[in-house]
2 protein chains.
Amino acid sequence: MNALRRYVPALEWGREYDRSAFSDDLTAAVIVTIMLIPQSLAYALLAGLPPEAGIYASIVPIVLYAMFGTSRALAVGPVAVVSLLTASAIGQVAEQGTAGYAVAALTLAFLSGAFLLGLGLLRLGFLANFLSHPVIAGFITASGILIATSQLKHILGISAEGHTLIEMAGSLLTHLGQISVITLIIGVAATGFLFWVRKGLKPLLRNAGLSPKLADVATKAGPVAAVVVTTLSVWIFGLDGQGVKIVGEVPQSLPPFTMPGLSLDLIRQLAVPAIMISIIGFVESVSVAQTLAAKKRQSIDPDQELIGLGAANLGAAFTGGFPVTGGFSRSVVNFDAGARTPAAGVYTAAGLAIAAIGLTPLVYYLPKATLAATIIVAVVSLIDLSILKKTWTYSRSDFAAVLATIVLTLALGVETGVATGVLVSIGLHLYKTSRPHVAEVGLVPGTQHFRNINRHRVETDPELLMLRVDESLYFVNARFLQDLIQTRTSTDCKTRNVVLMCSAVNEIDFSALESLEAINTRLKEIGIGFHLSEVKGPVMDRLRKSHFLDELNGKVFLAQYDAWATLGKSLHTSDPEKYDYL
Amino acid sequence: MNALRRYVPALEWGREYDRSAFSDDLTAAVIVTIMLIPQSLAYALLAGLPPEAGIYASIVPIVLYAMFGTSRALAVGPVAVVSLLTASAIGQVAEQGTAGYAVAALTLAFLSGAFLLGLGLLRLGFLANFLSHPVIAGFITASGILIATSQLKHILGISAEGHTLIEMAGSLLTHLGQISVITLIIGVAATGFLFWVRKGLKPLLRNAGLSPKLADVATKAGPVAAVVVTTLSVWIFGLDGQGVKIVGEVPQSLPPFTMPGLSLDLIRQLAVPAIMISIIGFVESVSVAQTLAAKKRQSIDPDQELIGLGAANLGAAFTGGFPVTGGFSRSVVNFDAGARTPAAGVYTAAGLAIAAIGLTPLVYYLPKATLAATIIVAVVSLIDLSILKKTWTYSRSDFAAVLATIVLTLALGVETGVATGVLVSIGLHLYKTSRPHVAEVGLVPGTQHFRNINRHRVETDPELLMLRVDESLYFVNARFLQDLIQTRTSTDCKTRNVVLMCSAVNEIDFSALESLEAINTRLKEIGIGFHLSEVKGPVMDRLRKSHFLDELNGKVFLAQYDAWATLGKSLHTSDPEKYDYL
């Protein structure tokens, strides 16, 4: 029973569910449902799928997440970045509009669900940490630019292709002659209206005396108004006969039962994109969930989130959907509208199911340009180039990772971009640890504390070389230490003892152990003692398993001060130019 | 002039060259030349090339290394492991025995030379550090097994193919019917004789009264004796007519001028293997050079070594050779024979040039089985499985890297094996740093030193939580710290202040900075102070560039003891089960 409750959090909150929570959840669900109808259609368009796929992907997945997820406010469904990744991945294996394309979308959702579920059961959520904050920020910004650009064709009423900024721009320019003026008018008007709703409407309504809550709801309904007005315009004036592309027939049906394609060939082609979509979707979802949970002093369990998102994606795979995750905008709306439990998600699903059966004929005349406008307005808020400035000031290697991610995402596509960002982050980290900072330390007078002789006024002894290596010792820098001590002891002939202060050494791997043995042998040959100090417990445990301590031509001191008290005598005080930072 | 001298070390030692050095170098060269003739033929055979390629690859490269290299004893030429890698790489683009195969070998040497030279000029020698000692040891052992197995076909007198242990074994078994008994006798006799020369001859000669030096030379001449005896047997008894495969016609010529194939297609196919050969060759060569230099208190410059090896490989590419590097056995022989300067290499090259012009007809009847025997005897000494036991005792993650390298090298080939070894090493390192060791610390009584409360008897204060994080804070573990402090402060309500002791924090990257900001904000909300101590200079410099220190809800203390003196009062002494290791 405990195991069951661990994997099905719904059993926990379900027991305390009461009428007041029901009422709050229902209100939130109504607001979210109204917002989700155009959004779902739009993200299906972005993923290159028929509009109903967007609705289907919002029904079963949201229910499954409500059962298995740990966030109380997260709303799961199609989101912009994942839809873009989906279009990019499936575009490589099938033609848009074919049956194969829709099946590939199911397969992608299936693989992504299986992968997330697997990670969750194995409790491997930490893998998401390999996406550093700067890489995520750079990736989201570049994706926003790519998505906005990809929607320009719908605003212009032309057809265009491409998964990179250059391809898209080229394709847009070559087709510019086919521009549809009426579509352009609808698209620009809708975009302008939606931006105004975001920025200008709320203050206006507040000034007109509306309550903040009501003003907020009216603002959320903006996209619905744009949908209604542009749909009516097309219907009344028969604009679809004049080149305005419309959503057209959407089947009136509950989500169908579908089978993802599971041929080995398809799986092989989609495995890597599925892993990427899973991890990016997971990171986005967990960040949103954690932000919202923190506001109410609740907490989420990342490993259980993997299970919830995995279940949601498997649900999407078998009910005509495509990859889903916890979306930022829909979750914030859900939270702000007062949702108290995941049951709000279930009611939203019911609302969308009703829409799927009853309302789809109403969107027949909805122009695609209006959907494109809602997407553009949504993603423009994702674009935030300030991360470039922030990382530039703080750390050049973080800056390099962001820049590589943004440039390569735009130039070569989302998968290459994010993969390069991760590799650059890891590579730069390894590079930095391969040439660690090493400080020669001395005693801060009147204390038992040792600091860098070049930064602090400290006492030293010319016969005692005390080095603090600011890095774990492992294969990447094993040789470095050997070279360093060789250089130091061959240029300075006064040294009688070397103490390696290991307060910053968190690991000594086998390669580094061999290097330490080599250093010990060499120093012994030339008559210099070799000592360690402040070796941490876990590192010491490890060293005891080797012969190193038996052969050591010196001692291991608990504290650096013990080494100083035993081996040193203060003869000299350093006079650094750069002094003490405190 | 100084720049020239930096890049051409020969200008340095050349100025001091005298008659005594000349005499020593010449003696060494004669011994090495005699040893190299059969060895060069054998390694060409291993690489799948005509025998003369082995001789050519030993002439110009050795001269170029003598000019640009920094080791005084290193002998450059074909070596076992690199020849195996060459065979494996070229086998994928051309059929053995075709002109395309030889051209691909030149291209591989060219690419490898260009890559090494580039790394050297950019001073990127540290890249070789990514091959950890255990991975190298595992790779060398597995290569030894592969090489020995690959030579069995010559001993058995059958034809067999394959680049992995399974392929080779399968191919040997299917062709077992074609076994040539006379070849087998020659092969087994030669192998047995050579093993006996290694192990049994030297003690025997010493007992018979020979001087150690002379006994040593006689031992080195063992392979030559095997060559002479088996060649004569074939010639006298006409064994080549009875199924014994012989070396046959070898052109009598100095190394020809050749052009490596430089089609884009070929370069693309060989680029990755060339990089791998370069790095492995470089690591092998540098280890040998460093070992020998240390014995004479000389030193080598790894970046200049890259230039020397790069030049040697470019030389091989234009003179009918194949990839070369500094070989272990030939270098040791050169060193033991008394070589004092790289000029010994130049004389060896001259000796081999004379052999190439004059002696090649003498090896016409040399059985391939004899060459195979010399290879087998040489590589068996490389096989050392003790690394498995050593790493198992010391560190399971090093063990995992060795095991993966050995198993995958044998099962999937050399390139996959070594690449996996490197990836496993890096992956495990990152995994370990993603879940760092965190110790709650207290004051060691009577000192100013702080240690883990679970390992040492220390003083603590229930209102003051002092945590020492044993890892740099970066994107891989940024979230970990946030979760940890959240858990600690939400389960323990007595805490009034948290001090993060940063003595082991060697870096705080942008992701970790954001995590620290989040921790600070959260602790401030619940009224807990957040302090840092023992922040290192470089890390502090970085933090000062952000707003973190302005917003910090606490102080930065120079030493942990200052934090204790300001914030703590000793109320409690820990009583750990596991006590003090000193």
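Keep in mind it's a predicted model, so treat the numbers as computed, not measured.

Is there a simple way to think about the overall build of chain A in this case?
Along the backbone of chain A there are 25 helices and ten strands. Projected onto its principal axes, the C-alpha coordinates of chain A cover approximately 95 × 60 × 60 Å. In chain A, 80% of the contacts between residues at least 6 apart in sequence involve partners at least 24 apart. With the model as given, the accessible surface of chain A reaches about 23400 Å², and the carbon-plus-sulfur share is 63%. Each charge class in chain A can be summarised by its mean position, and for the 43 positive and 42 negative side chains these summaries are 6 Å apart.

Help me understand the packing of aromatic side chains in this model?
Aromatic rings considered in pairs are described by the distance between their centres and by the relative angle of their planes. Inspection of every chain in the model, using the stated rule, returns 18 aromatic pairs over all chains. When the centroid spacing of 6.1 Å and the interplanar angle of 10° are considered together, the rings of Phe257(A) and Phe318(A) count as stacked. Residue Phe257(A) is located in the loop between helix H12 (222-237) and helix H13 (264-295), and its partner Phe318(A) is located in helix H14 (residues 302-318); the two are separated by 61 residues in the primary sequence. Classification of Phe257(A) as exposed rests on a relative accessible area of 65%. Here the aromatic rings of Trp392(A) and Phe399(A) are separated by 4.8 Å at their centres, their planes lie at 75°, and the arrangement is edge-to-face. A relative accessible area of 43% places Trp392(A) in the partly exposed class. An aromatic cluster is defined as three or more aromatic residues linked by ring pairs; in this entry it consists of Phe110(A), Phe257(A) and Phe318(A). Note that Arg396(A) overlies the ring of Trp392(A), its terminal NZ or CZ placed 3.8 Å from the centroid. Positioned over the ring face of Tyr394(B) is Arg542(A), at 5.6 Å from the centre of the ring.

Could you clarify how one ought to interpret the packing of helix H5 (residues 60-68) of chain B against helix H14 (residues 302-318) of chain B in this entry?
All names here are of chain B. As a packed pair, H5 and H14 sit with axes 8 Å apart at the nearest point and diverge in direction by 155°. Taken together, the axis directions place H5 and H14 in an arrangement best described as roughly antiparallel. Note on packing geometry: the crossing formed by H5 with H14 is right-handed. Note on element contacts: H14 touches H5 through Gln304, Glu305, Ile307, Gly308, Leu309, Ala311, Ala312, Gly315 and Ala316, opposite Val60, Pro61, Leu64, Tyr65 and Phe68. For the contact of H5 with H14, the class distribution of residues is ten nonpolar, three polar and one charged.

Teacher, can you tell me more about the confidence of the model for chain A here?
Caution applies to low-pLDDT regions: their predicted coordinates should not be interpreted in detail. Residue and element names in this part refer to chain A. With 97% of its residues at a pLDDT of at least 70, chain A reaches an overall mean of 87. Here residues 578-582 is modelled with pLDDT under 50, and outside its nearest four sequence neighbours on either side it reaches 19 contacts, counting other chains as well. Of the two predicted TM-score estimates for the complex, the pTM is 0.79 and the ipTM is 0.80.

Which parts of the structure should I look at to understand unusual backbone geometry?
Keep in mind that most residues, glycine aside, have a negative phi and that most peptide bonds are trans. Residues and elements named next belong to chain A. With a phi close to 55°, Arg123 is a non-glycine residue in the positive phi region. Turning to its location among the elements, Arg123 is positioned in the loop between helix H7 (99-121) and helix H8 (133-156). According to the relative accessible area criterion, Arg123 is partly exposed, its value standing at 29%. The phi dihedral of Glu534 falls on the positive side, at around 55°, and the residue is not glycine. Its place among the elements puts Glu534 in the loop between strand S8 (529-533) and helix H23 (537-544). Of the residues examined, Glu534 reaches a relative accessible area of 15% and is grouped as buried.

Explain the relation of the copies chain A and chain B here, please?
Overlaying chain A with chain B gives an RMSD of 0.1 Å, the required rotation being 180° about an axis along which the chain moves by 0.0 Å. Such a turn and shift between the copies fits a two-fold axis. Closest approach to the rotation axis within chain A is made by the C-alpha atom of Ala504(A), at a distance of 1.9 Å. In this assembly the copies share their binding face: 100% of the residues contributing to the interface of chain A also contribute to that of chain B.

Teacher, can you tell me more about the pairing of strand S7 (residues 497-501) of chain B here?
Residue and element names in this part refer to chain B. Burial within S7 is extensive, with five of its five residues counted as buried. Because side chains alternate across S7, one face comprises the buried residues Asn497, Val499 and Met501, and the other comprises Val498 and Leu500, equally buried. For strand S6 (residues 464-469) and S7, the ladder comprises five bridges, and the chain directions are parallel. From the neighbouring strand, Arg468 faces S7, where its bridge partner is Met501. Across five bridges, S7 lies against strand S8 (residues 529-533) in parallel orientation. Note that in S8 the partner of Val499 across the bridge is His531. Once the chain exits S7 it traverses helix H22 (residues 510-525) before rejoining the sheet at S8, and the crossover so formed is right-handed.

Is there a simple way to think about the interface of chain A and chain B in this case?
Frequently, the measure chosen for interface size is the accessible area that the parts lose on association. On the chain B side, the residues contacting the 74 residues of chain A number 74 residues. A buried area of about 6700 Å², summed over both sides, lies between chain A and chain B, and 56% of it is on carbon and sulfur atoms. For the chain A face of the interface with chain B, the top three residues by lost area are Tyr394(A), Phe510(A) and Leu558(A), together amounting to 13%. On the surface where chain A and chain B come into contact, there are 30 residue pairs in polar contact (both at pLDDT 80 or more). Counting only elements with at least two residues in the side of chain A that touches chain B, the list comes to H8, H13, helix H18 (386-394), helix H20 (414-434), helix H21 (475-491), helix H22 (510-525), H23 and strand S9 (556-557) of chain A.

Just to check I follow, could you spell out the pattern of salt bridges for this structure?
If charged atoms from side chains of opposite charge come close, those side chains can pair. The full count for this structure, using the stated rule, is 20 salt bridges over all chains. Note that Lys536(B) and Asp470(A) form a salt bridge whose closest N and O atoms lie 2.9 Å from each other. Highlighted residues: Lys536(B) in the loop between S8 and helix H23 (537-544) and Asp470(A) in the loop between strand S6 (464-469) and H21, drawn from two different chains. Of the residues examined, Asp470(A) reaches a relative accessible area of 3% and is grouped as buried. Across the pair Arg468(B) and Asp470(B) runs a salt bridge, and its minimum N-O distance is 2.8 Å. By relative accessible area, Arg468(B) is classed as buried at 5%. If you follow the salt bridges from partner to partner, you end up with Arg123(A), Asp301(A) and Asp303(A) in one network.

Hey, could you run me through the nonpolar core in this one?
When a protein is soluble and globular, its nonpolar side chains tend to lie buried together. In terms of nonpolar packing, the biggest core is built from 255 residues, with Leu500(A), Ile508(A), Phe530(A), Leu500(B), Ile508(B) and Phe530(B) touching the most fellow members. Excluding its chain neighbours within four sequence positions, the residues that come into contact with Ile508(A) are Leu473(A), Leu513(A), Leu516(A), Val539(A), Arg542(A), Leu543(A) and Tyr394(B).

How do you make sense of the pairing of strand S3 (residues 438-443) of chain B when you look at a structure like this?
Along any regular strand the residues' side chains alternate between the sheet's two faces. Residue and element names in this part refer to chain B. Alignment of S3 against S6, held across three bridges, turns out to be antiparallel. Considered in S6, the bridge of Val438 is made with Val469. Sheet analysis places S3 next to strand S4 (residues 450-452), joined by three bridges and oriented antiparallel. If you follow Val441 over to S4, its bridge partner there is Asn452. Hairpin connection of S3 to S4: six residues between the antiparallel strands, including Gly446 at a positive phi of 80°.

Teacher, can you tell me more about the side chain of Thr360(B) here?
All names here are of chain B. With respect to the element layout, Thr360 can be found in the loop between helix H16 (343-358) and helix H17 (368-380). Among the residues examined, Thr360 registers a relative accessible area of 7% and is labelled buried. Within the structure, the side chain of Thr360 is placed 3.4 Å from the backbone oxygen of Val250, a separation counted as a polar contact.

So, how was this worked out
- Residues numbered from 1 in each chain as written.
- Chains lettered and ligands numbered in written order.
- Predicted model: local features only at pLDDT ≥ 70, side-chain atom pairs only at ≥ 80, totals over all residues.
- Heavy atoms only, no water.
- Helix = DSSP H or I, 4+ residues; strand = E, 2+ residues; numbered from the N terminus.
- Contact = heavy atoms within 4.5 Å.
- Areas by Shrake-Rupley, 256 points an atom, 1.4 Å probe, with all protein chains shown as cover.
- Lys, Arg positive; Asp, Glu negative; His and termini not counted.
- Charge placed at Lys NZ, Arg CZ, Asp CG, Glu CD.
- Phe/Tyr/Trp six-rings, centres within 6.5 Å; stacked < 30°, edge-to-face > 60°.
- Buried < 20%, exposed > 50% of the residue type's maximum accessible area, 1.4 Å probe, protein only.
- Lys NZ or Arg CZ within 6 Å of the ring centre and 35° of its normal.
- Axes fitted to C-alpha atoms, helices over the stretch in contact; angles between N-to-C directions.
- Parallel < 35°, antiparallel > 145°, perpendicular 65-115°, else oblique.
- Left-handed = near helix turned anticlockwise from the far one by under 90°.
- Nonpolar A, V, L, I, M, F, W, Y, C, P; charged D, E, K, R; others polar.
- pLDDT = per-residue confidence, 0-100.
- Least-squares fit on C-alpha atoms with pLDDT ≥ 70 in both.
- Pairing = 2+ DSSP bridges.
- Right-handed = clockwise from strand over helix to strand, strands pointing away.
- Buried area = accessible area lost by both parts, 1.4 Å probe.
- Polar contact = N/O pair within 3.5 Å; in protein donor to acceptor, adjacent residues only side chain to side chain.
- Salt bridge = Lys/Arg side-chain N within 4 Å of Asp/Glu carboxyl O.
- Core = buried A, V, L, I, M, F, W, Y, C linked by side-chain atoms within 4.5 Å.

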